[in-house]
Amino acid sequence: MAMTEVVVENVEQNVKEVLARYGNNPARMIEILQDLQDIYGYLPREVLREVSHQTEMPLTRVYHVATFFKAFTLKPRGKYTIQVCTGTACHVKGSYRVLERLEDVLGIKAGDTTDDLMFTLETVNCVGACALGPVVIVNHKYHAYMTPAKVESLIKEYREQ
Amino acid sequence: MKRIESREALLELYRELAGEREKEEKYIAVCTGTACLANGAQEVYDAFKEELAKRGLDIQVKKGEGSVSLRGTGCHGFCGRGPLVAIHPRKIFYQLVRPEDVPEIVEKTVVGGELIDRLLYEDPVTGERVLHEEDIPFYKKQMRLLMAANGQIDPKSIYDYIAIGGYQAMAKAILDMEGDEIIQEVIDSGLRGRGGAGFPTGWKWEDAKKHQSPVKYVICNADEGDPGAYMDRSLLEGNPHSVLEGMIIGAYAVGATEGWVYVRKEYPLALENITLAIEQARELGLLGENILGSGFSFDVKVARGGGAFVGGESSALMASIEGRVAEPRSKHIHATESGLWGRPTVLNNVETWANVPIIINKGAQWYAKIGTEKSKGTKIFSLVGDVNHTGLVEVPMGITLREVIFDIGGGIPGGKEFKGVQTGGPSGGCLPQSQLDLPVDFDTLDAAGSMMGSGGMIVMDENTCMVDVARYFVKFLTEESCGKCVPCREGLKHMLDILTRITDGEGTMEDVELLEELGYVIAHASLCGLGKSAPNPVLSTIKYYKDEYIEHVRDKKCRAGVCKALVKYIIIAENCTGCHVCFKRCPVGAISGEPKGIHVIDQEMCIKCGICKDVCKFDAVKVV
């Protein structure tokens with residue numbers, strides 16, 4: 001399957017708008033990058049360059065923040081982000097088996113996106129729904145008490161949506 | 001919203017709102033905390049809304065006799081049983097409520113005053129149905145100083161908070177008390193930081209007060225990163241104003257003019273509710289210039305975390321607010337002298353701040369009566385894992401682990417054996433059966449090789465492998481280590497290599513010794529709390545579960561059936577009915593057998609995914 005092309009548009013304008021939200025204050029870099037990621041689904045190279053340009057911060061500094069925090073991704077994301085909670089309670093209840101099964105079914109490792117840009121698979125360190133573990137979250141929807149046996153039908157459900 | 005300019009105005013508003021609340025004959029409280037929402041609480045709330053409107057009972061439509069108000073409240077704590085609904089004034093407590101149940105609840109209980117048996121909690125021991133929240137064993141031994149309001153108020157309404165006496169402690173503090181008096185009160189109360197380390201809160205404030213500076217900050221650390229812990233999230237979601245009120249009092253005491261709440265981005269609802277709370281408080285004049293005419297001005301901003309565990313470390317958190325990466329610095333100068341932007345800063349955790357209004361309202365003496373000699377007040381724990389009743393529990397300090405796990409938590413499900421309880425998150429340790437009668441307080445848990453931490457309490461049964469748990473935490477910390485100092489960055493990596501070797505069945509006895517040695521070095525040479533406490537999960541499991549390490553190394557056996565390299569899945573012939581389900585579901589075709597015949601797993605092909613065990617209804621698949 002060919003990698004779907006991602007178009008990055010309106011970079012200058014979007015960066016300008018987001019910066020204005022935070023009074024053009026580079027101290028709010030984490031939130032600035034989070035908002036930009038909300039627009040593009042990830043942090044494209046052009047966007048980081050533009051942030052550096054408009055804030056007059058060295059690109060290395062912007063890149064440092066963008067690669068330090070787990071919230072950021074420099075790669076395009078899928079239509080659905082599947083987060084497997086790997087908090088302690090979920091781990092004890094077998095979330096690692098659910099993760100392995102998801103990796104098998106999707107043919108990607110945690111942190112990657114399928115070539116058709118349908119699914120991004122990632123792990124998250126506890127979402128605080130510990131009483132319901134193992135928990136899998138697909139685009140903010142919680143799926144409680146997951147098992148490896150439920151994985152295939154879950155993926156099918158989203159593929160058909 | 002009308003600004004409140006004086007104490008009298010606040011009091012008047014309180015009387016008016018409290019009076020209105022008393023007149024409210026009937027109200028329905030639907031828990032809309034994250035866990036209940038995940039279980040469908042929004043649909044339940046909407047169904048109530050619709051049903052009440054249909055019957056013309058909605059108080060927002062028609063005030064007067066018989067009308068009912070509906071509240072989406074914060075977390076009630078009994079998360080394993082959600083969605084939870086309480087029907088007032090009788091406080092009838094329904095659990096596992098579905099939208100389909102709603103018309104019946106309104107018809108029978110709200111209007112008719114009858115009970116619906118199947119929605120009441122059933123005591124697993126006596127089989128009796130329990131009517132009220134406080135009579136359920138899960139709640140009986142709790143002491144809910146901080147959590148109680150969660151079930152009574154709509155966290156999105158500042159008026160609800162004021163109606164139950166909110167912001168009165170603030171008024172008392174900023175109008176009647178000097179900063180030093182407040183600090184003395186907090187010192188006398190014995191309050192210690194709930195974020196994990198247990199540093200006396202009043203001392204921290206005293207130190208920040210001492211340092212002269214035109215600008216000082218207070219920070220609320222809501223970067224609750226310990227996996228398996230979510231009490232701060234519930235407080236911030238369910239009662240954000242209590243945290244804010246605590247911060248205002250603290251800021252006044254130390255002379256700060258600006259506050260920050262640092263919330264992790266994995267908690268969208270907490271972020272939403274605290275942001276709204278700040279806006280509402282500002283509109284009413286409880287934040288901003290000249291609060292209640294006291295001459296004291298203070299405002300609060302919210303910062304979103306970026307998803308880094310180390311971001312919860314105080315100096316790393318401040319770096320992160322300043323827009324830099326969350327790397328800790330060495331702390332020979334305290335934040336109370338030079339913290340955020342080089343100014344004196346008081347940083348406390350969510351739960352700590354929420355305790356402050358209670359101390360000011362009720363007095364240090366009252367507060368100090370709760371708990372043990374050196375650990376005062378209550379502590380909220382997230383009781384999760386292999387335990388019957390999962391959720392948030394608030395207990396007085398000094399209660400034993402056994403009481404929490406067996407009386408409140410109802411013991412281990414499925415008649416399995418208790419193996420251990422993990423407290424303190426990745427910085428804590430695992431404690432076995434022999435330690436269950438330890439009182440829960442800061443110093444006792446430390447001495448036992450674990451720690452109180454922020455309040456995660458993960459119960460583990462016989463199917464948990466302790467070596468795997470140690471490996472799990474070290475892997476977590478390896479990924480979360482910021483990489484600034486060598487002992488943590490490199491040491492943990494080696495620990496992970498060794499533990500992986502052991503769980504793969506390739507470890508040696510020397511490896512276990514090396515783990516202990518490495519642990520000692522990392523604990524003593526790391527820069528910040530993350531590294532210093534990182535070896536705890538390994539050292540505590542070696543201390544209490546050494547035989548499991550030895551089994552992995554010597555016998556190549558994992559008794560819990562967790563470590564893949566050391567186990568295999570087999571089908572017990574006597575139990576197999578030939579239902580053929582596992583055959584159909586096996587993703588690699590490793591199972592052979594005809595329908596109605598006995599099935600067999602090909603060990604060469606098996607990838608040990610566990611699906612056959614999950615789908616077998618006859619308990620025929622075993623892990624050996």
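Here the structure is a predicted model, which is why all the values come from computation and not from measurement.

Conventions and cut-offs
Residues numbered from 1 in each chain as written. Chains lettered and ligands numbered in written order. Predicted model: local features only at pLDDT ≥ 70, side-chain atom pairs only at ≥ 80, totals over all residues. Heavy atoms only, no water. Helix = DSSP H or I, 4+ residues; strand = E, 2+ residues; numbered from the N terminus. Rg over C-alpha atoms; globule rule 2.2 N^0.38 Å. Buried < 20%, exposed > 50% of the residue type's maximum accessible area, 1.4 Å probe, protein only. Contact = heavy atoms within 4.5 Å. Lys, Arg positive; Asp, Glu negative; His and termini not counted. Charge placed at Lys NZ, Arg CZ, Asp CG, Glu CD. Patch = residues over 30% accessible without salt bridge, like charges linked within 9 Å, V, L, I, M, F, W, Y side chains within 5 Å. Areas by Shrake-Rupley, 256 points an atom, 1.4 Å probe, with all protein chains shown as cover. Salt bridge = Lys/Arg side-chain N within 4 Å of Asp/Glu carboxyl O. Phe/Tyr/Trp six-rings, centres within 6.5 Å; stacked < 30°, edge-to-face > 60°. Lys NZ or Arg CZ within 6 Å of the ring centre and 35° of its normal. Pairing = 2+ DSSP bridges. Axes fitted to C-alpha atoms, helices over the stretch in contact; angles between N-to-C directions. Buried area = accessible area lost by both parts, 1.4 Å probe. Polar contact = N/O pair within 3.5 Å; in protein donor to acceptor, adjacent residues only side chain to side chain.

Chemist: Can you help me understand the overall build of chain B in this one?
Modeler: From N to C terminus, chain B includes 25 helices and 19 strands. What you see for chain B is a C-alpha radius of gyration of 27 Å, in line with the 25 Å of a compact globule of 624 residues. Principal-axis analysis of the C-alpha atoms places the extent of chain B at approximately 80 × 65 × 40 Å. Looking at chain B residue by residue over its 624 residues, the buried ones come to 60%. Nonlocal contacts in chain B, meaning residues at least 24 apart in sequence, comprise 71% of its contacts between residues at least 6 apart. Considering chain B, the positive charge centre built from 71 side chains and the negative charge centre built from 88 side chains are found 1 Å apart.

Chemist: Would you take a moment to explain unusual backbone geometry for this structure?
Modeler: Excluding glycine, residues mostly have negative phi values, and the peptide bonds linking residues are mostly trans. Look at the link from Gly133(A) to Pro134(A): it is a cis peptide, with omega at -10°. Mapped onto the secondary structure, Pro134(A) falls in the loop between strand 2 (119-124) and strand 3 (136-138). In the segment running from His88(B) into Pro89(B), the intervening peptide bond is cis, with an omega of 10°. Position of Pro89(B) among the secondary structure elements: in the loop between strand 3 (85-88) and strand 4 (92-94). Phi at Tyr167(B) is positive, roughly 70°, even though this residue is not glycine. Within the fold, Tyr167(B) resides in the loop between helix 6 (158-163) and helix 7 (168-176). Among the residues examined, Tyr167(B) registers a relative accessible area of 0% and is labelled buried. Its identity is not glycine, yet Trp341(B) carries a phi of approximately 45°, on the positive side.

Chemist: Which parts of the structure should I look at to understand a negative patch on the surface?
Modeler: Residue and element names in this part refer to chain B. On the surface, a cluster of negative charge is contributed by Glu510, Glu513, Glu516 and Glu517. Within the secondary structure, Glu513 is located in helix 20 (residues 509-525). Note on Glu513: relative accessible area 55%, which makes it exposed.

Chemist: Teacher, can you tell me more about the packing of aromatic side chains here?
Modeler: Two aromatic rings are characterised by how far apart their centres lie and by the angle between their planes. Applying the stated criterion across every chain, the model contains 18 aromatic pairs over all chains. Centre to centre, the rings of Phe68(A) and Phe69(A) are 5.1 Å apart; their planes meet at 75°, and the pair counts as edge-to-face. Comparing Phe68(A) with Phe69(A), the two get one shared label, buried. One aromatic cluster is present, built from ring pairs that chain together Phe78(B), Phe93(B), Tyr121(B), Phe138(B) and Tyr139(B). Across from the ring centre of Phe381(B), 5.6 Å away, lies the NZ or CZ of Lys379(B), which sits over that ring.

Chemist: Sorry if this is basic, but what is going on with the pattern of salt bridges here?
Modeler: Where charged atoms from two side chains of opposite charge come close, those side chains can pair. All names here are of chain B. This structure, assessed with the given rule, holds 44 salt bridges over all chains. Here Glu403 makes a salt bridge to Lys141, at a shortest N to O gap of 2.9 Å. Note that Glu403 is positioned in helix 16 (residues 401-408) and Lys141 in the loop between helix 5 (137-140) and helix 6, a separation of 262 residues in sequence. With a relative accessible area of 36%, Lys141 lands in the partly exposed category. Its salt-bridge partner being Asp407, residue Lys141 comes within 2.8 Å of it at the nearest N-O pair. One end of the pair, Lys141, is in the loop between helix 5 and helix 6; the other, Asp407, is in helix 16, with 266 residues separating them in the sequence. The structure contains a network of salt bridges with shared partners spanning Glu51, Lys54, Arg55 and Glu107.

Chemist: Got a minute to help me understand helix 23 (residues 546-555) of chain B in this structure?
Modeler: It helps to recall that an α-helix has 3.6 residues per turn; residues three or four apart then point in one direction. Within the sequence span of helix 23 of chain B, burial applies to Glu548(B), Tyr549(B), Glu551(B), His552(B) and Val553(B). Lys556(B) sits one or two positions beyond helix 23 of chain B and adopts a positive phi of about 50°.

Chemist: I keep staring at the sheet that holds strand 1 (residues 80-85) of chain A and nothing clicks. Help me out?
Modeler: What holds strands together in a sheet is hydrogen bonding between their backbones, with the strands either parallel or antiparallel. Residues and elements named next belong to chain A. One open sheet accounts for 4 strands, arranged 2-1-3-4; its pairing is mixed. Two strands lie at the open edges of the sheet, namely strand 2 and strand 4 (141-143), each paired on one side alone. Recorded for the sheet is a direction-independent mean angle of 25° between the axes of neighbouring strands. Packed onto the sheet, helix 7 (residues 148-159) meets strand 1, strand 2, strand 3 and strand 4 and runs at close to 155° relative to strand 4.

Chemist: Can you walk me through the interface of chain B and chain A in this structure?
Modeler: How big an interface is tends to be stated in terms of accessible area lost as the parts join. Each partner contributes to the interface: chain B provides 60 residues, whereas chain A provides 42 residues. A buried area of about 4000 Å², summed over both sides, lies between chain B and chain A, and 55% of it is on carbon and sulfur atoms. A per-residue breakdown of the area chain B buries against chain A is headed by Arg304(B), Val325(B) and Tyr472(B), which together make up 16% of the total. Where chain B packs against chain A, one counts 4 salt bridges. Residues Arg304(B) and Asp35(A) are paired through a salt bridge, measuring 2.8 Å at the closest nitrogen-oxygen approach. Applying the counting rule to chain B against chain A returns 19 residue pairs in polar contact (both at pLDDT 80 or more). Listed by contribution, the elements that provide at least two residues to the side of chain B that touches chain A are helix 2 (34-38), strand 9 (299-304), helix 13 (314-321), strand 11 (378-385), strand 15 (456-461), helix 18 (466-480) and helix 25 (611-615) of chain B. No other element matches the 5 residues that helix 18 of chain B contributes to the side of chain B that touches chain A.

Chemist: Looking at this structure, I do not really get the pairing of strand 12 (residues 391-396) of chain B. What am I missing?
Modeler: Two faces make up the sheet, and in a regular strand the side chains alternate between them. All names here are of chain B. The element strand 12 is largely enclosed, with a buried count of 5 among its 6 residues. With 6 bridges joining them, strand 11 and strand 12 adopt antiparallel strand pairing. Following the sheet pairing, Ile380 is matched in strand 12 by Glu394.

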